[in-house]
Amino acid sequence: MVESNVTLSSDDILASWNSSVTISVGSQTVMISSSELVAECLVVGEDYSCNCSKGYAWSNEVCYNYGCCTEATCTQNVSQATSICDPKTNENAKACKEEAFKNEFWPKTPAGVTVFNQSCPEGRVGFKSRTCNGTEIWQDVFSKCVSEELSKVTDAANNFLNGLGATQEVAKDIFEGIKNSSSLSSGTGDDIADISASIGIIGVMASASQNIVLDEAVFPDLVDAASNMVNSNWSEVNDSVRHEMSSDYLSNVESLVKNIHINTSEGFNSTNLELKFCSSDNCNISVFGVDVNMNKTNGTMKTMGVKNLMEKLRNNKFLGKNRSSILLSATLIGSNDSDIKIKMFFPDEQPSTEERLCVFWDTKNKDWSGEGCVANATDDNQTLCECNHLTSFSVLMGKSPNKDSKHHNFITYVGLGVSILSLLIFLFVESLVWPAVTKTNLSHFRHTAVVNIAVFRLLADCSFLASAFPELLSDNWCFILTICKHLFYLAMFCWMLCLSAMLVHQLIFVFSPVRKRVFMYLSSIVGYVVPITIVGISFVYYKYNDEEYYDKESCWLKYEGLLEGSIHAFVLPVYTIVLSNIFSMVVVIVTLVKTSVPDSSKADDKETAKSILKVLVFLAPVFGITWIIGFALLLIDEDNSMYNVATYIFNILNSFQGLFILLTGCVGEQKVRQEVIRIVMVKTGRDTDCGDRKSSSDFRSAPRDPGENTS
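Residues numbered from 1 in each chain as written. Predicted model: local features only at pLDDT ≥ 70, side-chain atom pairs only at ≥ 80, totals over all residues. Heavy atoms only, no water.

Peer 1: Give me the pattern of salt bridges: which residues, what numbers.
Peer 2: What the rule picks out here adds up to 13 salt bridges. Here D221 ties to K179 by a salt bridge, and the two come within 3.1 Å at their closest N and O atoms. Separated by 42 residues along the polypeptide, D221 in helix α6 (residues 219-229) and K179 in helix α4 (residues 168-183) bring together distant segments of the chain. Classification of D221 by relative accessible area gives buried; the value is 15%. Its relative accessible area of 22% is what places K179 among the partly exposed residues. Residues R457 and D461 are paired through a salt bridge, measuring 3.0 Å at the closest nitrogen-oxygen approach. Taken as a pair, R457 and D461 lie in helix α9 (residues 441-466) at a separation of four residues, close to a single helical turn. Residues R457 and D461 agree in their burial class; the two are buried. Members of the salt-bridge network, linked through shared partners, are R124, D191 and D194. (Salt bridge = Lys/Arg side-chain N within 4 Å of Asp/Glu carboxyl O. Helix = DSSP H or I, 4+ residues; strand = E, 2+ residues; numbered from the N terminus. Buried < 20%, exposed > 50% of the residue type's maximum accessible area, 1.4 Å probe, protein only.)

Peer 1: An account of the side chain of D367 is needed here, citing residue identities and associated values.
Peer 2: Turning to its location among the elements, D367 is positioned in strand β26 (residues 367-369). Buried D367, no salt bridge; nearest opposite-charge side chain is R314, N-O distance 5.6 Å. Within the structure, D367 has its side chain in polar contact with the backbone nitrogen of N316 (distance 3.2 Å). Sequence-distant contacts of D367, that is, excluding residues within four places in its chain, are made with R314, N315, N316, K317, F360, W361 and D362. (Lys, Arg positive; Asp, Glu negative; His and termini not counted. Polar contact = N/O pair within 3.5 Å; in protein donor to acceptor, adjacent residues only side chain to side chain. Contact = heavy atoms within 4.5 Å.)

Peer 1: A description of the packing of α6 against helix α7 (residues 239-259) should follow, citing residues and the corresponding values.
Peer 2: Where α6 meets α7, the axes come as close as 12 Å, and the angle between the chain directions of the two elements is 170°. Considering their axes alone, α6 and α7 lie roughly antiparallel with respect to each other. For α6 against α7, the interelement crossing comes out left-handed. Residues F219, L222, A226, S227 and M229 of α6 pack against Y249, V253, L256 and V257 of α7. When grouped by side-chain class, the residues that make up the contact of α6 with α7 number eight nonpolar, one polar and no charged. (Axes fitted to C-alpha atoms, helices over the stretch in contact; angles between N-to-C directions. Parallel < 35°, antiparallel > 145°, perpendicular 65-115°, else oblique. Left-handed = near helix turned anticlockwise from the far one by under 90°. Nonpolar A, V, L, I, M, F, W, Y, C, P; charged D, E, K, R; others polar.)

Peer 1: Requested: an account of the pairing of strand β19 (residues 282-287), with residues and values cited.
Peer 2: Covered by surrounding structure in β19 are C283, I285 and V287 only, the residues N282, N284 and S286 on the alternate face being uncovered. As paired elements, β19 and strand β20 (residues 290-295) share six bridges and run antiparallel to each other. Bridging from a neighbouring strand, S286 pairs with D291 of β20. (Pairing = 2+ DSSP bridges.)

Peer 1: Break down the packing of aromatic side chains for me, citing the residues and quoting the values.
Peer 2: Note on aromatic pairs: each is described by the distance of the centres and the angle between the planes. For the structure shown, the criterion picks out 17 aromatic pairs. Ring centres of F268 and F277 lie 6.4 Å apart, and the angle between their planes is 65°; this geometry places the pair in the edge-to-face category. The buried category is assigned to F277, whose relative accessible area is 9%. Plain terms: the ring middles of Y489 and F570 are 6.3 Å apart, the flat faces sit at 70° to each other, and that makes the pair edge-to-face. Highlighted residues: Y489 in helix α10 (residues 475-508) and F570 in helix α12 (residues 568-595), separated in sequence by 81 residues. The class of F570 is buried, set by a relative accessible area of 8%. The ring of W234 carries the charged tip of K312 above its face, separated from the ring centre by 5.2 Å. (Phe/Tyr/Trp six-rings, centres within 6.5 Å; stacked < 30°, edge-to-face > 60°. Lys NZ or Arg CZ within 6 Å of the ring centre and 35° of its normal.)

Peer 1: Account for the state of the cysteines, naming residues and giving values.
Peer 2: Disulfides are covalent bonds that link the sulfur atoms of two cysteine residues. Across all of its chains, the model carries six disulfides by this definition. Paired through a disulfide, C358 and C385 show a sulfur-sulfur distance of 1.5 Å. Highlighted residues: C358 in strand β25 (residues 355-362) and C385 in strand β28 (residues 383-387), separated in sequence by 27 residues. In this model C373 forms its disulfide with C387; the gap between the sulfur atoms is 2.1 Å. In this structure, the disulfide formed by C373 and C387 twists by about 115° around the S-S bond and is classed as right-handed. Taken as a pair, C373 in strand β27 (residues 373-377) and C387 in strand β28 lie far apart in primary sequence, 14 residues in all. For the pair C373 and C387, one class covers both residues: buried. (Disulfide = S-S within 2.5 Å.)

Peer 1: Describe the side chain of D191, with residues and values.
Peer 2: Relative to the elements of secondary structure, D191 occurs in helix α5 (residues 191-208). Using a relative accessible area of 14% as the deciding quantity, one classes D191 as buried. Within the structure, the side chain of D191 is placed 3.2 Å from the side chain of R124, a separation counted as a polar contact.

Peer 1: Lay out the sheet that holds strand β24 (residues 342-346) in plain terms, naming residues and giving numbers.
Peer 2: On the basis of which strands lie adjacent, the open sheet formed by five strands has the order β19-β20-β24-β28-β27 and antiparallel pairing. Every interior strand has two partners, whereas the edge strands, β19 and β27, have only one. Each adjacent strand pair in this sheet contributes to an overall mean axis angle of 15°, direction not counted. Where β20 lies against β24, four bridges are found, and the strand directions are antiparallel. Paired with N293 across the bridge in β24 is K343.

Peer 1: Let's hear about the nonpolar core: which residues, and what values?
Peer 2: I453, M492, F493, L499, F570, F623 and W627 are the most contacted members of the largest nonpolar core, which totals 61 residues. Looking at this core element by element, the count peaks at 15 residues for α10. Look past the residues within four positions of M492 in its chain and what remains in contact with it is I453, F456, R457, W627 and Q657. Ranked by size, the runner-up nonpolar core spans 53 residues in total, among them M229, V253, L256 and M310. (Core = buried A, V, L, I, M, F, W, Y, C linked by side-chain atoms within 4.5 Å.)

In structure tokens:
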């Protein structure tokens with residue numbers, strides 16, 4: 001559908017009311033398939049007296065100011081209005097109230113709509129915009145009012161791109177105009193609009209430089225202009241705009257520097273930007289104190305250092321890490337080297353730093369990435385950054401030491417190996433003793449739940465080990481393993497919930513046992529259907545919203561902040577289940593205490609304490625209680641001395657969870673132990689009467705299953 005404001009004769013208007021008609025507009029023939037009358041205008045000389053039709057309201061700014069939205073007659077030159085009448089909005093719909101803000105009028109606006117105002121200060125052209133958000137609150141005014149001089153430079157750059165006056169002299173004038181504008185910028189108010197426009201001009205010239213040769217004579221003004229742009233912190237715009245501007249700045253300046261031809265110059269520098277060029281085979285240069293080394297066979301390396309840009313760029317992947325003040329960009333021109341390695345020595349800016357990360361700016365995802373880069377500390381405490389590709393680099397720093405990370409990884413991998421072996425032994429033992437230990441409904445319920453917990457924990461651990469080195473995996477395998485870990489860990493916790501719910505039900509409703517068929521039906525829904533549903537919905541949600549479901553660098557769900565990122569599709573269900581299981585454990589302990597209160601003696605108190613200890617030891621592994629420490633890690637600051645201790649405890653307890661399941665489910669289970677001994681005796685032909693008569697797993701308060709013979 002094409003919308004246009006044209007003047008038609010009365011015959012054409014009447015004809016257009018038909019279902020389909022062809023009419024002449026000037027020298028063109030237009031076919032109108034459908035039409036609707038939205039405004040009625042009376043031409044009196046050169047004036048227009050117009051009225052919106054029923055169901056439509058004035059959209060023209062002047063008409064808004066004079067209250068003509070109520071369909072009152074408004075004399076206004078219609079040709080100046082971009083739109084005559086718009087459909088009326090629902091009176092009860094959410095909207096921001098009209099407001100006079102800093103001598104500027106902002107009309108009543110529906111929620112989610114952005115309003116544009118052309119009231120720029122004297123000497124500036126453009127517009128200002130303001131958005132009414134979903135909560136009926138006006139957001140800050142965003143100015144696109146640029147100086148008249150810079151507007152002329154923008155026009156000149158666009159003409160240059162189109163080949164009009166595309167000479168070196170014109171190019172120098174364009175960059176001089178950017179420099180003059182940026183030197184007057186303070187980074188506040190309308191000056192942000194000038195910075196944004198200047199970034200756009202550099203982008204236009206970068207596109208033009210792909211086809212039009214620019215020589216090094218333009219560098220001095222370009223370097224000064226680019227340096228001036230990052231002097232301020234751009235605080236007058238929100239994070240989203242600032243992140244977009246900084247990303248465009250880096251991309252545009254880097255592309256332009258790459259395309260400009262150099263002759264004899266070795267570099268240029270200014271306060272916030274420094275360029276160095278190297279054409280020799282062994283390049284050793286320094287940019288803002290960062291030593292750069294690269295061996296190459298041919299070509300020219302262009303290295304750019306920028307200050308005051310790091311804090312403006314988005315950083316979602318490495319939250320909580322401190323940034324280096326220097327961003328380094330390296331490009332190689334005219335080279336056919338396939339194996340590129342670059343070394344950068346960043347100075348030590350934070351003596352207390354123990355973790356160092358070498359990262360590069362991912363232009364596709366507009367965020368930092370560590371792929372293909374390794375960071376190490378040198379003897380003089382510098383950060384050696386080695387990468388096998390060229391782009392924009394920097395260093396991120398934290399207080400979590402690398403040596404601890406290695407220790408944590410060692411504990412994790414050893415623990416998972418032991419757990420996998422333990423779970424295989426447990427499942428083998430369960431298959432041998434199953435008929436003997438599942439004779440009652442209660443024991444059948446418990447063993448069914450524990451076996452499912454063990455199976456899903458085994459699958460999850462195998463998936464975890466398979467993704468231990470994400471850099472060796474393809475994107476498809478990384479995605480598959482992320483799905484597997486998400487699904488299997490969730491299924492494990494769902495079966496833990498089934499086990500705790502069953503135990504609490506048996507304690508509270510002693511004489512109302514759950515029938516086997518009902519338990520298996522409900523448990524199948526909770527243990528199988530629920531985790532599949534959660535994983536499926538979370539994947540579809542992030543796919544539909546064009547967001548990343550998983551992190552390719554870790555082959556796990558993404559964390560982007562509090563309640564942001566797909567990791568919460570795992571964290572929220574898991575800790576809801578863990579808290580429920582803690583409640584179940586408390587119910588068991590309270591029941592034990594109550595049964596020992598009447599006529600209690602010191603001996604009884606000791607027995608009660610032992611029973612409570614048994615509850616903690618035997619139920620904690622199969623209830624996933626140890627995972628609550630992981631929740632505590634999200635709340636403890638990394639600088640806190642307890643953070644490292646809690647991390648070690650969490651890794652040890654959860655990595656060896658399979659071993660704990662074997663110990664509590666087989667070794668500590670009397671019936672299982674006796675049946676294993678009986679099987680061994682039968683296989684060896686020995687007496688089977690001797691066995692361990694003392695129970696070490698049945699809780700003294702646990703009720704006898706009243707429904708032993710029910711199905």
